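Next come the chains, spelled out residue by residue.
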Amino acid sequence: MTTQYTSGRRSSGTLLAVLFSLLLGAAALAVFIRHATNGVLGRVATAITGRTSTFDTSVPAVVQRIQRLNRLETVVYSIDTVVEGARSSPVLPDLLAGDRLLLVVHGQSIAGIDLSQLKPEDVRINGQSIHVTLPASQLFVTTLDNQHTRVYARSTGILVPVDQNLETDTRAKAQEQLQQAALADGILDTARKNARATITTLLYSLGFSQVDVT
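Predicted, not measured: the structure shown is a model, and the values here were computed from it. (Residues numbered from 1 in each chain as written. Predicted model: local features only at pLDDT ≥ 70, side-chain atom pairs only at ≥ 80, totals over all residues. Heavy atoms only, no water.)

**Focus on the packing of aromatic side chains**
Summed over the entire model, instances satisfying the criterion amount to zero aromatic pairs. Here the guanidinium or amino end of arginine 71 rests over the ring plane of phenylalanine 140, the centre of that ring lying 4.4 Å away. (Phe/Tyr/Trp six-rings, centres within 6.5 Å; stacked < 30°, edge-to-face > 60°. Lys NZ or Arg CZ within 6 Å of the ring centre and 35° of its normal.)

Written as structure tokens, this is what we have:
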């Protein structure tokens, strides 16, 4: 009985020692992998934990990845200006029947490309090369910043009340002028150029070695 009891204790002690060694070795390996980032040790760590990256570069998959960007806003055009609005009488002078205001305007136009319009036929893949034809760039929205748009001055004729619609109409005119200024300054061309750069970067990240975006 005494001999068997001693043998059992020795076996348990050996098992505990093995488990402790394994845990200690795992901890040491984890520390090595985390801190070995350069040189030979870094390559060894990479070989141990190295993972391979795979990409689905079929046409439907690429189209879906691009379409996920949805409405890609690539340029914001901001402007500060002063717009005049006026009402006048064909008979009486402005001193009597006129209504005039000066509106200090701050607004912006946002342009980009609606990538949800991209079609499978717009993407051509040949091995590691890809050509993408983007949809036309669009002016998405033109808005006035109400916090920074205000009436700077206003004068109303002696014989007429203040026209409540004059400021509204002047704001609408200012928004229209802002949109025309953005278009005249080439906002759509800039939007397309920026979109091409964004999509090119995306396609390279998908593993293509030659990318052409038009």
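Structure's up, so let's keep going.
**Notes on the pattern of salt bridges**
Summed over the entire model, instances satisfying the criterion amount to six salt bridges. One salt bridge connects glutamate 84 with arginine 100, and the closest N-O pair in it is separated by 3.0 Å. Taken together, the positions of glutamate 84 in strand E1 (residues 71-87) and arginine 100 in strand E2 (residues 99-114) put the pair 16 residues apart, joining distant regions of the chain. Look at glutamate 84 and you get partly exposed, because its relative accessible area is 48%. Between arginine 87 and aspartate 169 there is a salt bridge; the shortest N-O distance is 2.6 Å. Of the two residues, arginine 87 sits in strand E1 while aspartate 169 sits in helix H5 (residues 166-184), which places them 82 residues apart along the sequence. By relative accessible area, which is 31% here, arginine 87 ends up partly exposed. In the salt-bridge network here, residues are joined through shared partners; they are Arg87, Asp163 and Asp169. (Salt bridge = Lys/Arg side-chain N within 4 Å of Asp/Glu carboxyl O. Helix = DSSP H or I, 4+ residues; strand = E, 2+ residues; numbered from the N terminus. Buried < 20%, exposed > 50% of the residue type's maximum accessible area, 1.4 Å probe, protein only.)

**Notes on the side chain of histidine 131**
Among the secondary structure elements, histidine 131 is positioned in strand E4 (residues 129-132). Engagement of the side chain of histidine 131 in a polar contact is seen with the side chain of threonine 214, the distance being 3.5 Å. For histidine 131, the contacting residues outside a window of four places in its chain are Asp122, Val123, Arg124, Asp212 and Thr214. (Polar contact = N/O pair within 3.5 Å; in protein donor to acceptor, adjacent residues only side chain to side chain. Contact = heavy atoms within 4.5 Å.)

**Re the nonpolar core**
By size, the foremost hydrophobic cluster in this structure holds 19 residues, and its most contacted members are Ile66, Ile130, Val132, Leu134, Ile199 and Leu203. Elements with a contribution of two residues or more to this core: helix H3 (59-67), E4, helix H6 (187-205) and strand E7 (210-213). Broken down by element, the residue count for this core peaks at four residues, all from H6. Once residues within four sequence positions are removed from consideration, valine 132 is found in contact with Ile66, Leu118, Asp122, Val123, Leu203, Asp212, Val213 and Thr214. (Core = buried A, V, L, I, M, F, W, Y, C linked by side-chain atoms within 4.5 Å.)

**Some details on H6**
The terminal C-alpha atoms of H6, which comprises 19 residues, lie 27 Å apart, in line with the 27 Å expected from a rise of 1.5 Å per residue. Taken together, the buried positions of H6 are Ile187, Ala191, Ala195, Ile199, Leu202 and Leu203. Within H6, the buried residues cover an arc of 130 degrees as seen down the axis, which keeps them to one side. What points out from H6, more than 90 degrees from its buried face, is the exposed set Asp189, Lys193 and Thr201. Downstream of H6 by one or two residues, glycine 207 has phi in the positive range, about 105 degrees. (Expected span 1.5 Å × (residues − 1). Arc of directions from axis to C-beta.)

**Describing the environment of glycine 112**
If you trace the backbone, glycine 112 turns up in strand E2. What makes glycine 112 buried here is its relative accessible area of 0%. Note: C-alpha distance between glycine 112 and leucine 72 (40 residues apart in sequence) is 5.4 Å. Those residues in contact with glycine 112 that sit more than four places away from it in its chain are Leu72, Glu73, Thr74, Ser137, Gln138, Phe140 and Ala191.

**Some remarks on the sheet that holds E4**
Strands sit in the order E3-E4-E7 across an open sheet of three strands; the sheet is mixed. For this open sheet the edge positions go to strand E3 (123-126) and E7, each flanked by a neighbour on one side alone. Mean inter-strand twist for the sheet, computed between neighbouring axes without regard to direction, equals 10 degrees. Here E3 pairs with E4 via four bridges, running antiparallel. Looking across to E4, one finds that asparagine 126 is bridged to serine 129. Those strands touched by H6 are E4 and E7, and its axis lies near 155 degrees from that of E7. (Pairing = 2+ DSSP bridges. Axes fitted to C-alpha atoms, helices over the stretch in contact; angles between N-to-C directions.)

Nothing here speaks to function; it is all geometry.
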